[in-house]
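Chain by chain, the residues:
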Amino acid sequence: QLFKSLVGKRVTVELKNDLCVSGVLQSTDQYLNIKLEQVSVVEPERFPQLLSVKTCFVRGSTIRYVHIPKVHVDTELLQDAARKTAAARS
């Protein structure tokens with residue numbers, strides 16, 4: 001739910017191999033596979049081979065973190081999800 005609400009917004013994805021890419025979220029699925037457009041590499045000096053990449057698909061199992069700008073975080077959505085999870089566990 002959270003990631004579906006971020007479609008069309010710019011996010012930064014940090015991978016387990018320390019690569020960070022920033023781009024506009026185009027789609028995501030239940031496995032956290034992510035498609036980004038307008039991609040830019042956060043540290044281009046470390047990964048110059050990726051400078052020409054403009055669209056990428058990131059497999060969910062390779063993602064360490066997804067950095068979301070504070071203005072795009074829907075706290076009500078997160079609180080509702082936390083309540084539902086807590087209710088399901090009790």
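Residues numbered from 1 in each chain as written. Predicted model: local features only at pLDDT ≥ 70, side-chain atom pairs only at ≥ 80, totals over all residues. Heavy atoms only, no water.

> Which residues make up the pattern of salt bridges, and what values do they have?
A full pass over the atoms with the stated rule returns five salt bridges. Put simply, Asp18 and Arg64 hold a salt bridge, and the shortest N to O gap is 2.9 Å. Of this pair, Asp18 sits in the loop between β1 (10-15) and β2 (20-28) while Arg64 sits in strand β5 (residues 63-67); the two residues are 46 residues apart in sequence, bridging distant segments of the chain. Each of Glu14, Asp18 and Arg64 takes part in salt bridges that share partners, so that together they form one network. (Salt bridge = Lys/Arg side-chain N within 4 Å of Asp/Glu carboxyl O. Helix = DSSP H or I, 4+ residues; strand = E, 2+ residues; numbered from the N terminus.)

> Explain the sheet that holds β5 residue by residue, including any values.
Reading across the sheet, the five strands line up as β4-β3-β2-β1-β5 and stay open at both edges, with antiparallel pairing between neighbours. Unpaired on one side and paired on the other, β4 (55-58) and β5 mark the two borders of the sheet. Ignoring which end each strand starts from, the neighbouring axes of this sheet average 40° apart. (Pairing = 2+ DSSP bridges. Axes fitted to C-alpha atoms, helices over the stretch in contact; angles between N-to-C directions.)

> Please give an account of the side chain of Thr28 that cites residues and values.
Within the secondary structure layout, Thr28 lies in strand β2. The exposure class of Thr28 is buried, given its relative accessible area of 11%. A polar atom in the side chain of Thr28 sits 3.2 Å from the backbone oxygen of Asn33. Beyond its immediate chain neighbours, meaning those up to four positions away, Thr28 contacts Phe3, Lys4, Asn33 and Ile34. (Buried < 20%, exposed > 50% of the residue type's maximum accessible area, 1.4 Å probe, protein only. Polar contact = N/O pair within 3.5 Å; in protein donor to acceptor, adjacent residues only side chain to side chain. Contact = heavy atoms within 4.5 Å.)

> Give me the nonpolar core: which residues, what numbers.
Within the largest apolar cluster, 16 residues are counted, with the highest numbers of intra-cluster contacts made by Val11, Val13, Val21, Ile34, Leu36 and Ile63. Elements that contribute at least two residues to this core include exactly β1, β2, β3 (34-41), β4 and β5. With sequence-adjacent residues up to four places away left out, Ile63 is seen in contact with Val13, Glu14, Leu15, Lys16, Leu32, Ile34 and Val58. (Core = buried A, V, L, I, M, F, W, Y, C linked by side-chain atoms within 4.5 Å.)

> Account for the side chain of Asn33, with residues named and values stated.
For Asn33, the position within the fold is in the loop between β2 and β3. Taking the relative accessible area as the measure of exposure, Asn33 reaches 15% and is therefore buried. A polar contact is formed between the side chain of Asn33 and the side chain of Asp29, at a distance of 3.0 Å. Excluding its chain neighbours within four sequence positions, the residues that come into contact with Asn33 are Ser27, Thr28, Phe57, Val58, Arg59 and Gly60.

> I'd like a rundown of the pairing of β3, residues and numbers included.
Side-chain direction in a regular strand flips from residue to residue, so the side chains alternate between the two faces of the sheet. Judged from the six bridges that link them, β2 and β3 form a sheet pairing that is antiparallel. What sits directly across from Val24, in β3, is Glu37. The hairpin formed by β2 and β3 contains five residues between the paired strands, and Leu32 there has a positive phi angle of roughly 65°. The pairing of β3 with β4 spans four bridges and is classified as antiparallel. Its bridge partner being in β4, Leu36 is matched across the sheet by Cys56.

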